[in-house]
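Summary of structural features
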Amino acid sequence: MISKFIYKANIMKKLALIALVASVVCGCAKDDSDTLKMITEATFPPYEFMRGQEIVGIDVEICRAVARKLDRKFQCETVNFDSVIPAVISGKADVAAAGITVTEDRRKNVDFSDPYVKTGIVVIFKKADPYTGPDCLKGRRIGVQGGTTSEAYVLEELKQEPERSTSPAESVAGLKSGRCDFVIADVDPARNCVKGEDDLAISDFITSEEYAVAIRKGRPDLLKAINDTIAECKADGRLQKWIEQYTAEADSQKDK
Ligand code: ARG
């Protein structure tokens, strides 16, 4: 387990180095390119998920609104969650929006917009083996999406190794098949995952978190455009409309 902590510290150091080199080499942030590139990880309904070949969701709408404000075209790409923040650090993408929780560790490497959602992580459990509090997780096999705050919770709070997957749904499949005993995930994808699963349930929040858009450090104009967009979408009801619309769409995908 100690080697895992060292591994994590090494990754943090590498990210910090990439951030430093990128800010020196590409001090010329591409604020003048004609396309705003968003990077995400699209297995996270209702924030980002697939509608056929298309990436859709609340985060996509927010970033598309930023592109419109900047009068730029818009592109969105999905990668593993581990690669989302590195993509803005290296300049491969302009904005990272993937239900990304603001954390002090991440703040060392990227700038965060103002938060747009208050949320947290929950435990998904089998009703036959209910979650009764953090102690019941000790020594059990806990599924998480790699690179997330749920993974950090298992490593840092429970001081044990999680069972990593590449999506909340894959973790929940592991819970159903017996590969793990509990799953920890963000509340909204967790709700989507347990929809229609009568033998599963979710706990109350075990953390309190906020989502924000992440960008490479040192792009004040882009940061302001994102913050202005978020404020406008909150004030004029668009954000609330997207939350309702995409929650309903993601839930209805489960009925199919
Ligand atoms: N909020 C959690 C975090 O920032 C999980 C985000 C996972 N997002 C995703 N699109 N898969 O670590």
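Our structure is the block above this text.
The rules behind each value
- Residues numbered from 1 in each chain as written.
- Predicted model: local features only at pLDDT ≥ 70, side-chain atom pairs only at ≥ 80, totals over all residues.
- Heavy atoms only, no water.
- Helix = DSSP H or I, 4+ residues; strand = E, 2+ residues; numbered from the N terminus.
- Near = heavy atom within 4 Å.
- Polar contact = N/O pair within 3.5 Å; in protein donor to acceptor, adjacent residues only side chain to side chain.
- Areas by Shrake-Rupley, 256 points an atom, 1.4 Å probe, with all protein chains shown as cover.
- Axes fitted to C-alpha atoms, helices over the stretch in contact; angles between N-to-C directions.
- Left-handed = near helix turned anticlockwise from the far one by under 90°.
- Contact = heavy atoms within 4.5 Å.
- Nonpolar A, V, L, I, M, F, W, Y, C, P; charged D, E, K, R; others polar.
- Salt bridge = Lys/Arg side-chain N within 4 Å of Asp/Glu carboxyl O.

Most peptide bonds adopt trans geometry, and most residues besides glycine take a negative phi value. Each neighbour pair has its own omega, and for Pro45 with Pro46 the value is 5 degrees, a cis peptide bond. For Pro46, the position within the fold is in the loop between β1 (35-40) and β2 (49-51). Here Asp71, not a glycine, exhibits a phi torsion of approximately 60 degrees, which is positive.

To continue, consider the site of the ligand. What surrounds the ligand is a group of 14 residues, the closest being Glu41, Ala98, Gly99, Thr101 and Asp186. Within the contact set of the ligand, a nitrogen atom lies 2.7 Å away from a backbone nitrogen or oxygen of Ala98. Taking Asp186, its side chain carries an N or O atom lying 2.7 Å from a nitrogen atom of the ligand. For the ligand, the accessible surface in isolation is 350 Å², of which the surrounding protein chains cover 100%.

So, on to the packing of helix α2 (residues 58-69) against helix α8 (residues 220-235). Interhelical geometry of α2 versus α8 gives an angle of 120 degrees and a closest axis separation of 9 Å. For the crossing formed where α2 meets α8, the hand is right-handed. Here Ile62, Ala65, Val66 and Lys69 of α2 lie close against α8, whose contacting residues are Leu222, Ala225, Ile226, Asp228, Thr229, Ile230, Glu232 and Cys233. Across the contact of α2 with α8, the residue classes break down as 8 nonpolar, 1 polar and 3 charged.

Applying the stated criterion to the full structure yields 23 salt bridges. Residue Arg191 is joined to Asp188 by a salt bridge in which the shortest nitrogen-to-oxygen separation is 3.8 Å. Pair noted here: Arg191 and Asp188 are both in helix α7 (residues 187-194), with a separation of 3 residues, about one helical turn. For Asp236, the salt bridge is made with Arg238, and the minimal N-O distance between the two is 2.9 Å. Taken together, the shared-partner salt bridges connect Asp129, Arg140, Arg141 and Asp181 into one network.

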